[in-house]
Amino acid sequence: MTVGYDFDTPIDRYGTWCVQWDGVADRFGVDGLLPFTISDMDFASPPEVLDALQRRIAHGVLGYTDWRNEDFLSAIRHWFASRYDTDIDTERVVYGPSVLNQLSQLLRMWTEPGDGVVVHTPTYDGFLKSISGLGRDLRGAPIGDTAALERQLARPGSKVLLLCSPHNPTGRVWTEDELTEFARLAEAYGVAVISDEIHADFVHADSVPEGYRHLPWTRFGAGRWALITSASKAFNFPALSGSYGIIGDPDDHAAFLRRMETGEGLASPAVLTLTAHIAAYREGGPWLDALNTYVEGNLRSVADRLNSAFPQLDWRPPQAGYLAWIDLRALGVDDDAVQRELIEREKVAIMPGATYGSAGFVRLNVGCPRTKVEQGTDALIRVLRRLAP
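(A) Structural view of the packing of helix α6 (residues 146-154) against helix α7 (residues 176-188). Their axes nearest at 10 Å, the elements α6 and α7 cross at an angle of 25°. With respect to each other, α6 and α7 are oriented roughly parallel. In the crossing of α6 with α7, the sense of the turn from one axis to the other is right-handed. For the pair α6 and α7, the contacting residues are T146, L149, E150 and L153 in the first and E181, F182 and L185 in the second. When its residues are assigned to classes, the contact of α6 with α7 shows 4 nonpolar, 1 polar and 2 charged.

Encoded structure:
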């Protein structure tokens, strides 16, 4: 138990219309698996957020709401200043029902069907679906390969660089030098930048250079750019459906607002989303710090167990996030066989790397009590012991 907050006690999520638990058969074909899949957590939202929601519900009126209010905007400004030492212009803030919805709207604004959208690979599957669903051309560059990234940005028709910062699924935190180079390349090739920063609040101090923390794209943006994010990931309230963004160019900002309020009919947000964001950003810092400490412990547990069983993997916890991206290629195991064994014999659901474009990997969600992490890790180890040559 982390001081002041209980992350150890399991919460039964069955029967709550939960995608991760109740919907596991949709992706894996079998009900009743122990899931380590979609990136939400098995923890209750912070008590400070739940208390604020209860007070708002007690008011009794849940009518149309305006997100352009000082309570919401000042909470965002406070969070960026206190967490990232970054001043933001709240005149550039926009609102959307989700980060992926904002992404889709921006791609519709800044690209046409057939245009290229450059991403780092492996890639979050939500990006893959959004880009392909809109008929845009996904152009991948292996993470860490700046030369490959430049080649893709230089290709005719490349219009957007889509960043995930920190990166999903690898948990990589971009350095200041890397972000500066991304900005230079984007400007050189006339490419817009969309930076998804929903995982920003999960940087692990023990896994990055001393004193380093997430740097928002607002520090680097020039030309056409947008930062899209939400408190829902860090404070675990994605079911409230809400996100916000910051758009650099005033004309693009105005165009986005028109699109959302007229063409999309989304002028009024969910009032409980605003309530949750304000409480999280004003009061939720201590809970988030405790959560990050607990998640780091979960990730160390995965590393200790996995590397004890298979030293050749030398698996290291990610720099950010609660998703353990595990490279199994050194073991020479077959991906399909791993999944069959996990599902049929171990009754566990762990995401295959192929979902994100990288065979030979798995993605294990450790945003849960440690006993569950241990169950999932041990199941994976048993499978690997059976299958490794």
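And the narrative resumes.
(B) Representation of the sheet that holds strand β1 (residues 34-36). Taking strand neighbours across the sheet as the criterion, the 4 strands line up as β1-β10-β11-β9 in an open arrangement whose pairing is mixed. Strands at the two margins of the open sheet, each flanked by one partner only, are β1 and β9 (323-327). Averaged over all adjacent pairs, the angle separating strand axes in this sheet is 35°, with direction ignored. Where β1 meets strand β10 (residues 348-352), 3 bridges bridge the pair, whose relative direction is parallel. Pairing of P35 across the sheet is with A349, part of β10. Its contacts with the sheet place helix α11 (residues 335-345) against β10 and β11 (361-365), and it is angled at close to 160° to β10.

(C) Representation of the pattern of salt bridges. Scanning all chains against the criterion turns up 23 salt bridges. With a shortest N-O distance of 2.9 Å, R68 and E261 are connected by a salt bridge. In this pair, R68 sits in the loop between α2 (47-59) and α3 (70-84) while E261 sits in helix α8 (residues 250-263), placing the two residues 193 residues apart along the sequence. You can call R68 partly exposed: its relative accessible area is 41%. The salt bridge partner of R83 is D289, with a shortest N-O separation of 3.0 Å. Pair noted here: R83 is in helix α3 and D289 is in helix α10 (residues 285-309), with a separation of 206 residues, a long-range link. Here D289 falls in the partly exposed class, since its relative accessible area comes to 38%.

Conventions we followed
Residues numbered from 1 in each chain as written. Predicted model: local features only at pLDDT ≥ 70, side-chain atom pairs only at ≥ 80, totals over all residues. Heavy atoms only, no water. Axes fitted to C-alpha atoms, helices over the stretch in contact; angles between N-to-C directions. Helix = DSSP H or I, 4+ residues; strand = E, 2+ residues; numbered from the N terminus. Parallel < 35°, antiparallel > 145°, perpendicular 65-115°, else oblique. Left-handed = near helix turned anticlockwise from the far one by under 90°. Contact = heavy atoms within 4.5 Å. Nonpolar A, V, L, I, M, F, W, Y, C, P; charged D, E, K, R; others polar. Pairing = 2+ DSSP bridges. Salt bridge = Lys/Arg side-chain N within 4 Å of Asp/Glu carboxyl O. Buried < 20%, exposed > 50% of the residue type's maximum accessible area, 1.4 Å probe, protein only.

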